[in-house]
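Analysis of the macromolecular model
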Amino acid sequence: MTPADDLVVQRPEGLYCPPGNFYIDPWRPVDRAIITHAHADHARPGHAHYLAAASGEGVLRARLGAIDLQTLPYGEAVDHFGVRVSLHPAGHVLGSAQVRLEHRGQVWVASGDYFVAGADDDPAESNATCTPFEPVRCDCFITESTFGLPIYRWAPQRDLFADIDRWWAANAATGRASLLLGYSFGKAQRILAGVDPSIGPIVVHGAVEPLNRAYRAAGVALPETKLVTEITDKASLRRALVIAPPSVQNSVWTRRLGEHGDAFASGWMQLRGARRRRSVDRGFVLSDHADWPGLQRAIRQTGAQRVIVTHGYESVMVRWLTEQGLEAGAFSTEYGDEKEESAEVVLEPAGA
Ligand SMILES: [Zn+2]
Ligand SMILES: [Zn+2]
């Protein structure tokens, strides 16, 4: 196989499919963009045409507004100049998709971000707020590697949410609100779907609620949520779980909560230093990305002989893959979690 046959190559605008003449999650404005999911670093404004998974339409429009969007149900195919394109669940956030490309007998899959935890398949460890990751056989797999280091192993979700519930209940018992910081899109809804709403009221920041609406409209069951401005009774706020994006930390917005405990929910919380730098009471290790055993399992299940690693720990991942006898390389991209975080600052409605 020569590089001239590659179905995805790097261009300054983003990952490009030469025979199909389209981009996947481009970071500069292009004519045709296939979007794996609506996180800000993967779904950028300014493209002329968008193609995305049907279940992601609501969240994509909540973030990008009026775009020229064609949607495709998971598993259905469209043809672009002889390239058969289909989208398959990535289990990362609502509507997240892997992009399968088939051309002249060759199959490539670009993962976008995906979530799969542990070395073995266990439905209890899937993301409850979206369709679980589905392995797709291919010749070449383009994988993310956000948590591609052996130290990243997620605990069972049951244990993690029990920890969060205990922290919330203990705060509520002492009359303090529980401020849990997490990304507005994806993380906030995972938390909502996982906690025990009988402990107290759940309050969300104004940046979170539009995404909740999109999830509910797509049929994802989430407990009742209120905006802080809708809480008139101060006593109920002191028993509340408050979910807000990381950008509110130390802002005037948190003052209306009164005395409160705070915590951060992120895969990065696995690192001791990360919690200290965040200066929060608690760090909960909750990620929407695959852990190290999950990455290995996902890659193995594709059966791919060639793997291209994108954002994350590319060099560690490439070395491990090469040791497994696979042909491995890396693409440098402009994707990354930090951008998701800063993008949420822009989305916050004034006074929310
Ligand atoms: Zn993402
Ligand atoms: Zn990403």
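Within every chain, residues take consecutive numbers counted from 1 along the sequence as written. Working convention: letters from A go to chains and numbers from 1 go to ligands, in the order in which they are written. Totals for whole chains, interfaces and linings use all residues, but because this is a predicted model, local features are given only for residues with pLDDT of at least 70 and pairs of side-chain atoms are given and counted only at 80 or more. Calculation of side-chain values draws on the structure's entire complement of heavy atoms; hydrogens and water are dropped beforehand.

1. Side note on the sheet that holds strand E8 (residues 83–89)
Put simply, the rule is: By definition, two strands form a pair when at least two bridges between them are found by DSSP. Numbering of helices and strands starts at the N terminus; helices are DSSP runs of H or I of at least 4 residues and strands are runs of E of at least 2. To obtain an axis, a line is fitted to C-alpha atoms, over the contacting stretch when the element is a helix, and the angle between two such axes runs from 0 to 180 degrees between their N-to-C directions. We call two residues contacting when some pair of their heavy atoms lies within 4.5 Å.
Pairing is mixed in the open sheet, where seven strands are placed in the order E7-E8-E9-E10-E11-E18-E19. Either end of the sheet is taken by a strand with one partner, and the two such strands are strand E7 (77–80) and strand E19 (327–330). Here the strands of the sheet are splayed against their neighbours by 25° on average, with no regard to which way each runs. Strand direction decides the pairing type here: strand E9 (residues 97–103) and strand E10 (residues 106–110), joined by five bridges, are antiparallel. Bridge assignment links Leu101 to a residue of E10, and that residue is Trp108. Strands strand E11 (140–145) and strand E18 (306–312) of the sheet are contacted by helix H7 (residues 292–302), whose axis makes an angle of about 170° with E11. Packing of helix H8 (residues 314–323) onto the sheet brings it into contact with E11, E18 and E19, and relative to E18 it is tilted by some 160°.

2. Section: helix H3 (residues 187–194)
Quick reminder of the rule: Only protein chains enter the accessibility calculation, which uses a 1.4 Å probe; a residue whose area is less than 20% of its type maximum is buried, one above 50% is exposed, and one in between is partly exposed.
The element H3 is largely enclosed, with a buried count of six among its eight residues. The set of residues buried in H3 consists of Lys187, Ala188, Gln189, Arg190, Ile191 and Leu192. Its buried side turned inward, H3 meets helix H2 (157–173), strand E12 (177–181), strand E13 (202–204), helix H4 (209–217), strand E15 (241–244) and strand E16 (260–265).

3. A short note on the sheet that holds strand E1 (residues 9–11)
Pairing in this open sheet of six strands is mixed, and the strands run E1-E2-E3-E4-E5-E6 from one edge to the other. Of all strands in the sheet, those bounded by a partner on one side alone are E1 and strand E6 (69–72). With strand direction ignored, the average angle separating the axes of adjacent strands in the sheet is 35°. With respect to the sheet, helix H1 (residues 57–64) is in contact with strand E5 (49–53) and E6, its orientation differing from that of E6 by roughly 160°.

4. A word on a positive patch on the surface
For the record, the criterion: Each patch groups residues whose relative accessible area exceeds 30% and which form no salt bridge, using 9 Å between like charges and 5 Å between nonpolar side chains of Val, Leu, Ile, Met, Phe, Trp and Tyr. Using a 1.4 Å probe, the Shrake-Rupley method yields the accessible areas, and only the shown protein chains count as cover for residues. Here, a salt bridge means any side-chain nitrogen of Lys or Arg that lies within 4 Å of a carboxyl oxygen of Asp or Glu. We count Lys and Arg on the positive side and Asp and Glu on the negative side, and we leave His and both chain ends out. Where a charge sits is defined by one atom per residue type, namely NZ (Lys), CZ (Arg), CG (Asp) or CD (Glu).
Residues Arg272, Arg275, Arg276, Arg277 and Arg282 make up a contiguous surface patch of positive charge. In terms of residues, the positive patch owes the most to one element, helix H6 (residues 272–278), which gives four residues.

5. What to know about the pattern of salt bridges
All told, the structure shown has 11 salt bridges when counted by the stated rule. The residue Arg176 makes a salt bridge to Glu259 at a minimum N-O spacing of 4.0 Å. Here Arg176, found in the loop between H2 and E12, pairs with Glu259, found in the loop between E15 and E16; they are 83 residues apart in sequence, far enough to count as distant. Judged by its relative accessible area of 59%, Glu259 falls in the exposed class. Lys226 is the salt-bridge partner of Glu224, the closest N and O atoms lying 3.3 Å from each other. Taking relative accessible area as the criterion, Glu224 reaches 60% and is therefore assigned exposed. It is possible to trace a salt-bridge network through shared partners that takes in Asp6, Arg306 and Glu327.

6. What about the coordination of the zinc ion (ligand 2)?
This is how the line gets drawn: Only nitrogen, oxygen and sulfur atoms qualify as donors, and only when within 2.8 Å of the metal (3.2 Å in the case of Na, K and Ca); with water excluded, sites may look incomplete. Site shape is set this way: if four donors have all angles between 85 and 135 degrees, tetrahedral; if opposite donors are over 155 degrees apart and all others between 65 and 115, square planar for four donors and octahedral for six; otherwise irregular.
The zinc ion (ligand 2) binds to the protein through His42 (NE2), Asp113 (OD), Asp113 (OD) and His311 (NE2), with metal-donor distances spanning 2.2 to 2.4 Å. Metal-centred angles of 57 to 129° between the four donor atoms at the zinc ion (ligand 2) mark the site as irregular. Look at where the donors of the zinc ion (ligand 2) fall in the sequence and you get H-x70-D-x197-H. Taken as a pair, the zinc ion (ligand 2) and the zinc ion (ligand 1) show a spacing of 4.1 Å, with Asp113 coordinating each metal. Linking His42 in the loop between strand E4 (32–34) and E5 with Asp113 in the loop between E10 and E11, this pair joins segments that are 71 residues apart in sequence.

7. Considering the packing of aromatic side chains
Stated precisely, the cut-off is as follows: Only Phe, Tyr and Trp rings are paired, with Trp represented by its six-membered ring, and only when their centres lie within 6.5 Å; those with planes under 30 degrees apart are stacked, over 60 edge-to-face, the remainder tilted. Working rule: Lys NZ or Arg CZ, within 6 Å of ring centre, within 35 degrees of ring normal, means a charge sits over the ring.
Tallying each qualifying case throughout the model produces 13 aromatic pairs. Ring geometry for Phe147 versus Trp268: centroids 4.4 Å apart, planes at 50°, classification tilted. Placement of Phe147 in the loop between E11 and H2 and of Trp268 in the loop between E16 and H6 is noted, with a sequence separation of 121 residues between them. Overall, the relative accessible area of 1% leaves Phe147 in the buried class. By relative accessible area, Trp268 is classed as partly exposed at 22%. By way of ring pairs, the aromatic residues Phe147, Tyr152, Trp154, Trp268 and Tyr313 are connected into one cluster. Of note, Arg190 hangs over the ring of Phe115, and the distance from its end group to the ring centre comes to 4.6 Å.

8. Describing the nonpolar core
We count it as follows: In this description, a nonpolar core means a group of buried Ala, Val, Leu, Ile, Met, Phe, Trp, Tyr and Cys residues linked to one another through side-chain atoms lying within 4.5 Å. Boundaries between domains were set according to an automatic or database domain assignment.
By size, the foremost hydrophobic cluster in this structure holds 41 residues, and its most contacted members are Leu60 and Leu180. When residues of this core are traced back to their parent elements, those giving at least two are E5, H1, H2, H3, E13, H4, E15 and E16. If you tally residues by element for this core, the top one is H2, at five residues. Looking at which domains feed residues into this core, each of domain 1 (3–153 + 288–343) and domain 2 (157–284) gives three or more. The contact partners of Leu180, leaving out residues within four places of it in the chain, are Ile164, Trp167, Ile191, Leu241, Val242, Ile243, Ala244, Ala263, Phe264, Ala265 and Phe284. Counting 25 residues, the second-largest nonpolar core is a separate cluster that includes Ile24, Leu72, Trp108 and Ala110.

9. Overview of the domain arrangement of the protein
Filter applied, for reference: Buried surface area refers to the total accessible area, computed with a probe of radius 1.4 Å, that the two partners give up upon joining, counted for both partners together.
Domain annotation for the protein reports domain 1 (3–153 + 288–343) and domain 2 (157–284). Put simply, the middle of domain 1 and the middle of domain 2, counted by C-alpha atoms, are 29 Å apart. In total, domain 1 and domain 2 occlude about 2,000 Å² of area from one another, counting both sides; carbon and sulfur atoms represent 60% of this. Our enumeration of links across domain 1 and domain 2 arrives at one salt bridge. Asp288 serves as the salt-bridge partner of Arg190, at 2.5 Å between the closest nitrogen and oxygen. Looking at the side of domain 1 that touches domain 2, the elements that each hand over two or more residues are H1 and helix H9 (337–347). Among the elements that take part in the side of domain 1 that touches domain 2, H1 stands out by supplying four residues, more than any other.

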